[in-house]
Amino acid sequence: MMAPSPRRLSLPLTPEAARALKLGDVVLLDGDAVATVGMPTQKRMVSELAAGRELPLPLRGGSFFHMGVSYEEGEAGPGPLHYVNPTTSSRFDQLMPTLIRTLGLTATGGKGGLGQESVAAMREAGCVYFSFVGGASALLSQGVRAVTDCAWTDLIMQFRLNRVRLDGFGPVIVAIDAHGNSIYERLMTSARARMPEIMQSLRSSPDETETPR
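Predicted model only: the values in this text are computed from it and were never measured. (Residues numbered from 1 in each chain as written. Predicted model: local features only at pLDDT ≥ 70, side-chain atom pairs only at ≥ 80, totals over all residues. Heavy atoms only, no water.)

Check the secondary structure of the protein and you find six helices and eight strands. Reading the protein from its N terminus to its C terminus gives the helix and strand order β-α-β-α-β-β-α-β-α-β-α-β-β-α. Taking all 213 residues of the protein together, 45% fall into the buried category. Within the protein, contacts between residues at least 6 apart in sequence are counted, and of these 65% link residues at least 24 apart. (Helix = DSSP H or I, 4+ residues; strand = E, 2+ residues; numbered from the N terminus. Buried < 20%, exposed > 50% of the residue type's maximum accessible area, 1.4 Å probe, protein only. Contact = heavy atoms within 4.5 Å.)

It is worth spelling out the packing of aromatic side chains at this point. Counted under the stated rule, the structure contains four aromatic pairs. Ring geometry for Phe 65 versus Phe 169: centroids 6.4 Å apart, planes at 15 degrees, classification stacked. Taken together, the residues span a long stretch of sequence, with Phe 65 in strand 3 (residues 63–74) and Phe 169 in strand 8 (residues 161–176) at a distance of 104 residues. Here Phe 65 and Phe 169 have matching classes, each one buried. Measuring from ring centre to ring centre gives 5.3 Å for Phe 132 and Phe 169, while their planes differ by 80 degrees; the resulting arrangement is edge-to-face. Residue Phe 132 is located in the loop between strand 6 (128–131) and helix 5 (137–142), and its partner Phe 169 is located in strand 8; the two are separated by 37 residues in the primary sequence. On the basis of relative accessible area, Phe 169 is assigned to the buried category, the value being 0%. Three or more aromatic residues joined by ring pairs make a cluster, and in this case those are Phe 65, Phe 132 and Phe 169. (Phe/Tyr/Trp six-rings, centres within 6.5 Å; stacked < 30°, edge-to-face > 60°.)

What follows covers the pattern of salt bridges. Applying the stated rule across the entire model yields nine salt bridges. With a shortest N-O distance of 2.8 Å, Arg 8 and Asp 30 are connected by a salt bridge. Taken together, the positions of Arg 8 in strand 1 (residues 7–11) and Asp 30 in strand 2 (residues 26–36) put the pair 22 residues apart, joining distant regions of the chain. Residue class for Arg 8 comes out partly exposed when judged on its relative accessible area of 45%. Glu 54 is the partner of Arg 60 in a salt bridge, and the nearest nitrogen-oxygen pair spans 3.0 Å. By relative accessible area, Arg 60 is classed as partly exposed at 46%. The class for Glu 54 is exposed, based on a relative accessible area of 51%. (Salt bridge = Lys/Arg side-chain N within 4 Å of Asp/Glu carboxyl O.)

Let us now look at the layout of surface pockets. Computed from the structure, the largest pocket encloses a volume of approximately 160 Å³. Residue lining of the largest pocket: 12 residues in total, with Gly 115, Gln 116, Val 119, Ser 182 and Glu 185 positioned closest to the centre. Only helix 4 (116–125) and helix 6 (183–204) provide two or more residues apiece to the lining of the largest pocket. Among the elements that line the lining of the largest pocket, the one with the most residues is helix 4, at four residues. For the lining of the largest pocket, a count of residues per class yields five nonpolar, five polar and two charged. (1 Å grid on protein atoms, 1.4 Å probe; cavity = no way out; pocket = protein on both sides within 12 Å on 5 of 7 lines; lining within 4 Å. Points joined across faces, edges and corners; volume = space filled by probe spheres on them. Nonpolar A, V, L, I, M, F, W, Y, C, P; charged D, E, K, R; others polar.)

Following Leu 11, the chain continues to Pro 12 via a peptide bond in cis, the omega torsion being 0 degrees. Relative to the assigned elements, Pro 12 resides in the loop between strand 1 and helix 1 (15–20). Cis geometry marks the peptide bond from Gly 170 to Pro 171, where omega comes out at 10 degrees. Structurally, the position occupied by Pro 171 is in strand 8.

Turning our eyes to something else, we now look at the nonpolar core. Judged by nonpolar contacts, the single largest core of 29 residues is most densely connected at Leu 13, Leu 29, Phe 65, Val 128, Phe 130, Leu 166 and Phe 169. For this core, the elements supplying multiple residues, two or more each, are strand 1, strand 2, strand 3, strand 6, strand 7 (144–151) and strand 8. Counting residues per element, this core draws most heavily on strand 8, which supplies five residues. With near-sequence residues (within four places) excluded, Leu 13 lies in contact with Ala 18, Leu 21, Gly 61, Thr 106, Ala 107, Val 128 and Phe 130. One finds Met 45, Leu 114, Tyr 129 and Leu 155 within the second-largest nonpolar core, a separate group that totals 28 residues. (Core = buried A, V, L, I, M, F, W, Y, C linked by side-chain atoms within 4.5 Å.)

This is how it looks when you write it as structure tokens:
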């Protein structure tokens, strides 16, 4: 029996649509998102918002991904896409709660998840976290129709704010839902619960490297 095709979602989501998604849902994404891998970029975003200034690309109520974007540079803006490549989201954990709350993000995504403070902000805003498959740049790139805009061109390409138009991007997994449930936290809880058993088995196991006499 064939598995059903992943459900398709159009970005940006409304908070209500985000809250309707369940942990573990597998989906394909259409629509627009803004992406960057830059730590300096996200620090600048926080500073601009704290100063009461709008970001150069509209992102309120939108989708923000931790993902590098490479493309041809044209005189009138971004040209044909080369590839996209997600990065580890937890690097930005100190910045994401502010960005989620201030911008009212309804979707974010990358690799490896986000911590508890970010999860709390997501629950308040009505925002989900999509887990992107690591090492699948070629597959993910097929789901990007175009790079439609970029900002902060004083930064290297993958650090810029890049707006991408998605068409069947994924499949991606709802790894943190808008109700505070996190696949990553469940894995950590399970690992912590098993740790005494694992340590006991290691202490009681014979030294397999010892040479028999």
